[in-house]
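Descriptive structure summary
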Amino acid sequence: VQLQASGGGLVQAGGSLRLSCAASGRIFSIGALGWYRQAPGKQRELVATITSVGSTNHANSVKGRFTISRDNAKNTVYLQMNSLKPEDTAVYYCMATINSGGYYYTDYWGQGTQVTVSS
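Below is a short write-up of the structure. (Residues numbered from 1 in each chain as written. Predicted model: local features only at pLDDT ≥ 70, side-chain atom pairs only at ≥ 80, totals over all residues. Heavy atoms only, no water.)

It is worth spelling out empty space enclosed by the protein at this point. Scanning the model with the defined rule gives 1 cavity of 30 Å³ or more in all. In terms of lining, the largest cavity is formed by Leu3, Cys21, Ala22, Ala23, Ile30, Leu33, Asn75, Thr76, Val77, Cys94, Met95 and Ala96. Of all the secondary-structure elements, those providing two or more residues to the lining of the largest cavity are strand 3 (17-24), strand 4 (29-38), strand 8 (76-81) and strand 9 (90-99). Across the lining of the largest cavity, the residue classes tally to 10 nonpolar, 2 polar and no charged. (1 Å grid on protein atoms, 1.4 Å probe; cavity = no way out; pocket = protein on both sides within 12 Å on 5 of 7 lines; lining within 4 Å. Points joined across faces, edges and corners; volume = space filled by probe spheres on them. Helix = DSSP H or I, 4+ residues; strand = E, 2+ residues; numbered from the N terminus. Nonpolar A, V, L, I, M, F, W, Y, C, P; charged D, E, K, R; others polar.)

Further remarks concern unusual backbone geometry. A positive phi angle is found at Asn75, which is not glycine, with a value near 50°. For Asn75, the location among the structural elements is in the loop between strand 7 (66-71) and strand 8. Within the chain, Ser83 stands out as a residue other than glycine whose phi angle is a positive 50°. Structurally, Ser83 can be placed in the loop between strand 8 and strand 9. The exposure class assigned to Ser83 is partly exposed, which follows from its relative accessible area of 41%. (Buried < 20%, exposed > 50% of the residue type's maximum accessible area, 1.4 Å probe, protein only.)

What follows deals with the state of the cysteines. Formally, a disulfide is one covalent bond, and it connects the sulfur atom of one cysteine to the sulfur atom of another. Under the defined criterion, the tally for this structure stands at 1 disulfide. Residue Cys21 pairs covalently with Cys94 via a disulfide, S to S 2.0 Å. Its torsion about the S-S bond being 55°, the disulfide of Cys21 and Cys94 is classed as right-handed. With Cys21 in strand 3 and Cys94 in strand 9, this pair connects stretches of sequence that are 73 residues apart. You can call Cys21 buried: its relative accessible area is 3%. In this structure Cys94 comes out as buried when scored by relative accessible area, which is 0%. (Disulfide = S-S within 2.5 Å.)

Moving on: the pattern of salt bridges. If you walk through the whole model with that rule in mind, you get 3 salt bridges. We note a salt bridge from Asp88 to Arg37, for which the minimum N-O separation is 3.0 Å. Of the two residues, Asp88 sits in the loop between strand 8 and strand 9 while Arg37 sits in strand 4, which places them 51 residues apart along the sequence. A cluster of three or more residues bridged by salt bridges with shared partners is formed by Arg37, Glu45, Arg65 and Asp88. (Salt bridge = Lys/Arg side-chain N within 4 Å of Asp/Glu carboxyl O.)

Looking now at the pairing of strand 7. Across the two faces of strand 7 the burial differs, with Phe66, Ile68 and Arg70 buried and Thr67, Ser69 and Asp71 not buried at all. As judged from the 6 bridges shared by strand 7 and strand 8, these two strands associate in the antiparallel manner. In the strand pairing of strand 8, Ile68 is matched with Leu79. (Pairing = 2+ DSSP bridges.)

On to the packing of aromatic side chains, then. One pass over the structure, following the stated rule, counts 1 aromatic pair. The ring of Tyr78 has Arg18 lying over it, and the distance from NZ or CZ to the ring centre is 4.0 Å. Looking at Arg44, its charged tip hangs above the ring of Tyr93, at a distance of 3.8 Å from the centre. (Phe/Tyr/Trp six-rings, centres within 6.5 Å; stacked < 30°, edge-to-face > 60°. Lys NZ or Arg CZ within 6 Å of the ring centre and 35° of its normal.)

Shown next, in the form of structure tokens:
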């Protein structure tokens, strides 16, 4: 199983970006999907998650600005980021909980995509 993230880049404060993360490989089913981020010198933090039935959770710092969504047919999770702020600058990682057969789900991580917001 592989997760391929894309959509990062450099944007001015107040701008928007849309991140995508597609899962591929041996996939029977996908449970929760999520986005995390890590800024220089800081720990990785949760940005947003979405369950298999579409229930979402967003960190307080991004509520009202970021929206997580998923396309189950494409095994893809998205993060729409609006009203970006310099403090949103970080490497963004996607995470997927995937069943590849058997009883268990395993967490997989994407390679990270850089988001830089200039003031």
